[in-house]
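Structural features, examined
Here's the letter readout for the chains.
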Amino acid sequence: MEALGAVVVGADGVGAVLPPDGPPVLAGDPGTLLAALDPAVRYVTWSASAVAPVIRAGARLDRTWDVAEVHRLAHGGWAAGPERVWALLHGLDPQGVPSAPTGDLFDLLSDELPPEDLVRPDGHLRADAVTGAWLTTPSRCAAFAEAARQVARHQHEGRTRAGRRALATAHAESAAAVLCVELASDGLPIDREAARRLVTEAAGDEPHTLAEELAARERRDAPVIAAVPGTGHVDLRNPAQVKQLLARAGVDVPSTRKWVLEAQVAAHPVVPALLEWRTRERIATTYGWRWLREHVGSDDRLRGAWAACDGAAGRMTAQAGLHNLPSELRPAVAADAGHVFVRADLGQVEPRVLAAVSQDRAFAAATREDDLYAPVAARLGVERAVAKIAVLAAMYGQRSGPAAEALRGLEREYPVAMAHLQRAQDAGRRGEPVRTFGGRVVRTDLPGGGGEDERDTLTSARGRFARNAVIQGSAAELFKAWAATVRVSVRPLGGRIVLCLHDELLVHVPQEHAERAATVVDRALTDAARRWLGGDQVRFVADTSIVRRWSEAK
C-alpha cells in the first residue's frame, strides 16, 4: 500500500502535517504548513475545502487522498462529513452522530468529554472537531489528521480491491477537489467594462432606487406587450398570463418553455419578442447589476464556490453563475493583458464514452473518425443527422420519434453498447444503484409514493436516469482526470485552469506560451484517456483554440 501523509488546518491557520513516517510537523500558521509539505508524498485530507488556507497559500497538493470524495465514490450521494465517514468505518450508526454544541441549556445534559479526546466513549468523533471549533492547537490538528489517515487507509484498501481503475479514479477525484479550491480562489477573469455594457444592453442602466428598477422592468416588457395591441396589463413572469397573451394572438401552446416557443417563432411577432424578452429578463434578474456587485471582485475576477461532485452522477458544479453564464455575456470573459485563453472542448464525448465503458468493439471503431456519427450512419444506412439523434436518444432512453427505426438498427449493429445501457436502465427501474466506469455508486432509490400511475412514472424516470448516469458519470470521471492532468502540465508555462464547464476547459496562459499550452492540453487528453481506459481502444478528441475572449471560441 502507498505510504500516506496527512494534513489538517484548524482555527486561525494552526495545523499539522503528518509525514508518511516520523513525527508530525506542528504549526501555528499556513506558511509553516506549506514549507512542511513534500511534493512526492500523497497527503490525506478530510476534504480539499478543509485545507483551503494552505492551498491558497500556495500548496500544490498534486497528490492527495480526499476522504470525502472517495466516500462519495464508494457510497453515492453527497453526505461525506468526517463524522459520517468515521461512523461507517467503525460500524456505528451514521444517524447517531453527536450534534455540535449550540450554547443552549441542552448542552448541559450532554456527557462531558476530556478536552483533548477526539473520540467519544461511544466511538463517534466529537462534534466540535467536525465543525472545526475544537481544532485550536496543532496537537489537536495532528490527532484529527491521524484519524483521517486511518480512514484513508481503509478506503485505499477498498479501492485497491476494486481494481486499478477504481484506485486511479479516487486519485483523480481527489485532485479535482483541490482544483475546485483553486478555481474558487483564483476566479474567472472578467472585463468589467464589457460586462457593464452587456448588462446595460440587456437590463438597462443600473438602478439605484426601487422606482428605477420597476421602470427598467416595464421597458423590458414593453416590446412584448406592444406586439399584441389592446392587451392591457400582462405579467410576463406569470406563465398562465403569458399563455393567455399568446392565445389572444392566435398562438396556442401547451407551455411557455423556450423550446415550445421556438417552434412557433413564425406564428406571430409576439413569439420572437417573447423569446428576446426571456433572454433580457434572465440577464437582468440573475446576471444583472446585483450579480456584478456580489460576485465580481475588485480585481475583476468572477468567483463562486466549486464542487468536484454533484452528489448524483459526479459532475462538477459551480455557483455564482459560473456554469450557467448566458452566451450573451461571454464577451465579458476576457484574458488579462499579455494573456490568452486556451479553450478546449471534448467532442462527442458521451458516445465515445459509451464505446469505452461498454467495450463494444464495433462502436469503438467508429471513434477513430473525427466525426463518430458518420461511420455510424453509414453502418445503419441512414443520414448522419438521424444517426446522431438515434445515438443520443439511446443514451437518454427515448424510443419514439423520427429516430425509432435507427434505434432498432443500433441494437442490431452495436448490441454490446445497447445492452450496457439496457442493463443500467433495468437496474434503475428496480431502484438499484448503478456504477460508473470508475466505480462511482449512483443511487436510483428516489423516494416514491402516490398512486399506481405515479409509481409507474417514477419507475420509468429512475430507469432513464440510470441509463444516462452510467455514461454521464463516466464522462465526468474522464473530464476530471483530464483537468487534473492539464492542471499540472500547464503550470511550467504559467498557465492555470480558470473554468471547467461540463466538457470544456478554459486555461489562462501568457500569450508567448499559448501554442505550446494548446499542444500540452491536447496531449494531456490522450494521456488521461489512456490511463482512464487502460489503453487506446477508443479515441477521444477535443476542439482546441486560442482566444482572447471566451465568446471567440467556436
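Everything discussed here concerns the structure shown above.
The following refers to the structure shown.

About the cut-offs
- Residues numbered from 1 in each chain as written.
- Predicted model: local features only at pLDDT ≥ 70, side-chain atom pairs only at ≥ 80, totals over all residues.
- Heavy atoms only, no water.
- Pairing = 2+ DSSP bridges.
- Helix = DSSP H or I, 4+ residues; strand = E, 2+ residues; numbered from the N terminus.
- Axes fitted to C-alpha atoms, helices over the stretch in contact; angles between N-to-C directions.
- Salt bridge = Lys/Arg side-chain N within 4 Å of Asp/Glu carboxyl O.
- Buried < 20%, exposed > 50% of the residue type's maximum accessible area, 1.4 Å probe, protein only.
- Contact = heavy atoms within 4.5 Å.
- Polar contact = N/O pair within 3.5 Å; in protein donor to acceptor, adjacent residues only side chain to side chain.
- Phe/Tyr/Trp six-rings, centres within 6.5 Å; stacked < 30°, edge-to-face > 60°.
- Lys NZ or Arg CZ within 6 Å of the ring centre and 35° of its normal.
- Parallel < 35°, antiparallel > 145°, perpendicular 65-115°, else oblique.
- Left-handed = near helix turned anticlockwise from the far one by under 90°.
- Nonpolar A, V, L, I, M, F, W, Y, C, P; charged D, E, K, R; others polar.
- Core = buried A, V, L, I, M, F, W, Y, C linked by side-chain atoms within 4.5 Å.
- Expected span 1.5 Å × (residues − 1).
- Arc of directions from axis to C-beta.

What follows is about the sheet that holds strand β15 (residues 541-547). Pairing between the strands of a sheet is mediated by backbone hydrogen bonds and can be parallel or antiparallel. If you walk across this open sheet you meet the 4 strands as β13-β14-β10-β15, and the pairing is antiparallel. Among the strands making up the open sheet, the edge pair consists of β13 (496-501) and β15. Each strand axis lies, on average, 20° off the axis of its neighbour in the sheet, ignoring direction. One ladder, built from 7 bridges, connects strand β10 (residues 339-347) with β15; its direction is antiparallel. The residue bridging F341 from the neighbouring strand is V547, located in β15.

Close approach of charged atoms lets side chains of opposite charge pair. Inspection of every chain in the model, using the stated rule, returns 39 salt bridges. Where E2 meets R63, a salt bridge forms, and the shortest distance between an N and an O atom there is 2.6 Å. One end of the pair, E2, is in the segment before β1 (4-9); the other, R63, is in the loop between α2 (52-56) and β5 (64-66), with 61 residues separating them in the sequence. Residue class for E2 comes out partly exposed when judged on its relative accessible area of 24%. A salt bridge links E504 to R343; the nearest nitrogen and oxygen atoms lie 2.8 Å apart. Highlighted residues: E504 in strand β14 (residues 504-510) and R343 in strand β10, separated in sequence by 161 residues. Members of the salt-bridge network, linked through shared partners, are R217, R220, D221, D235, R237 and E281.

Relative to the elements of secondary structure, I546 occurs in strand β15. For I546, the residues in contact, after removing those within four places along its chain, are V340, F341, V342, A514, E515 and A518.

Okay, the sheet that holds strand β4 (residues 42-45) next. Across the sheet, 5 strands lie side by side as β3-β2-β1-β4-β5; this open sheet has mixed pairing. Two strands in the sheet have a free side with no partner beyond their single neighbour: β3 (25-27) and β5. Shown here is a sheet whose adjacent strand axes are inclined to one another by a mean of 20°, direction ignored. Of the pairings in the sheet, the one linking β1 to β4 comprises 3 bridges and is parallel in character. Pairing of G5 across the sheet is with Y43, part of β4.

Looking at the element boundaries, L214 is found in helix α9 (residues 210-226). According to the relative accessible area criterion, L214 is partly exposed, its value standing at 45%. C-alpha of L214 to C-alpha of H124: the two residues are 90 residues apart in sequence and 54 Å apart in space.

Let's shift gears to the environment of T137. Along the chain, T137 turns up in the loop between α5 (127-131) and α6 (138-162). Overall, T137 belongs to the partly exposed group, its relative accessible area being 26%. Through-space distance from the C-alpha of T137 to that of G10 is 7.6 Å; in sequence the pair is 127 residues apart. A polar side-chain atom of T137 sits 3.2 Å from a polar atom in the side chain of S139.

Enumeration according to the criterion identifies 6 aromatic pairs in this entry. Aromatic side chains W532 and F540 sit 6.1 Å apart centroid to centroid with 75° between the ring planes, which places their arrangement in the edge-to-face category. Here W532 matches F540 in class, with each residue buried. A network of ring pairs unites the aromatic residues F437, W532 and F540 as a single cluster. Here the basic side chain of R72 rests over the ring of W78, its NZ or CZ set 3.8 Å away from the ring centre. Its end group placed over the ring of W550, R330 keeps NZ or CZ at 3.7 Å from the ring centre.

Where helix α3 (residues 67-75) contacts helix α4 (residues 82-89), the two axes come as close as 10 Å, and the packing angle between them is 55°. It follows from the interaxial angle that α3 and α4 lie oblique. When the axes of α3 and α4 are compared, the crossing they make is left-handed. Taking contact as the criterion, the partners of V67, H71 and H75 in α3 are, on α4, R84, V85 and L88. Its residues assigned to classes, the contact of α3 with α4 shows 3 nonpolar, 2 polar and 1 charged.

Okay, the pairing of β1 next. For β1, the buried fraction is high: 6 of the 6 residues fall into the buried class. Burial along β1 is two-sided: the face carrying L4, A6 and V8 and the face carrying G5, V7 and V9 are both buried. The sheet contact formed by β1 and strand β2 (residues 15-18) spans 4 bridges and is antiparallel. Among the inter-strand pairings, A6 is bridged to a residue of β2, identified as L18. Connecting β1 to the next strand, β2, in antiparallel fashion are 5 residues, including D12 with a positive phi near 60°.

The subject of this paragraph is the pairing of β2. The two faces of the sheet receive side chains in turn, since in a regular strand these alternate between them. Side chains of β2 alternate between two faces, with G15 and V17 and A16 and L18 buried alike. Pairing of β2 with β3 involves 3 bridges; the strand directions are antiparallel. Bridging across to β3, V17 finds its partner in V25. As consecutive antiparallel partners, β2 and β3 are separated by 6 residues, and within that stretch G22 has a phi angle of approximately 100°, a positive value.

What follows is about unusual backbone geometry. Phi at A320 is positive, roughly 65°, even though this residue is not glycine. With respect to the secondary-structure elements, A320 resides in the loop between β9 (317-318) and β10. Take A320: its relative accessible area is 14%, and that puts it in the buried class. The phi angle at Q348 is positive, at roughly 50°, despite the residue not being glycine. Residue position: Q348 is located in the loop between β10 and α14 (349-358).

Below, the discussion takes up the nonpolar core. In terms of nonpolar packing, the biggest core is built from 125 residues, with V376, L410, W482 and C500 touching the most fellow members. Apart from the residues lying within four places of it in its own chain, the contact partners of C500 are L179, L183, W306, M316, H323, F479, A483 and L505.

Between its first and last C-alpha, helix α8 (residues 192-203) extends 16 Å over 12 residues, near the 16 Å set by a 1.5 Å rise per residue. Along α8, the residues that are buried comprise A194, A195, L198, V199, A202 and A203. Viewed end-on, α8 has its buried residues packed into an arc of 140°, placing them on one side of the element. Close packing links the buried residues of α8 with α9, α12 (270-286) and α13 (289-295). Two or three places before E193, at the start of α8, stands the capping residue D191, its side-chain oxygen 3.2 Å from that residue's backbone nitrogen.

Function cannot be read off these values alone, since they describe shape.
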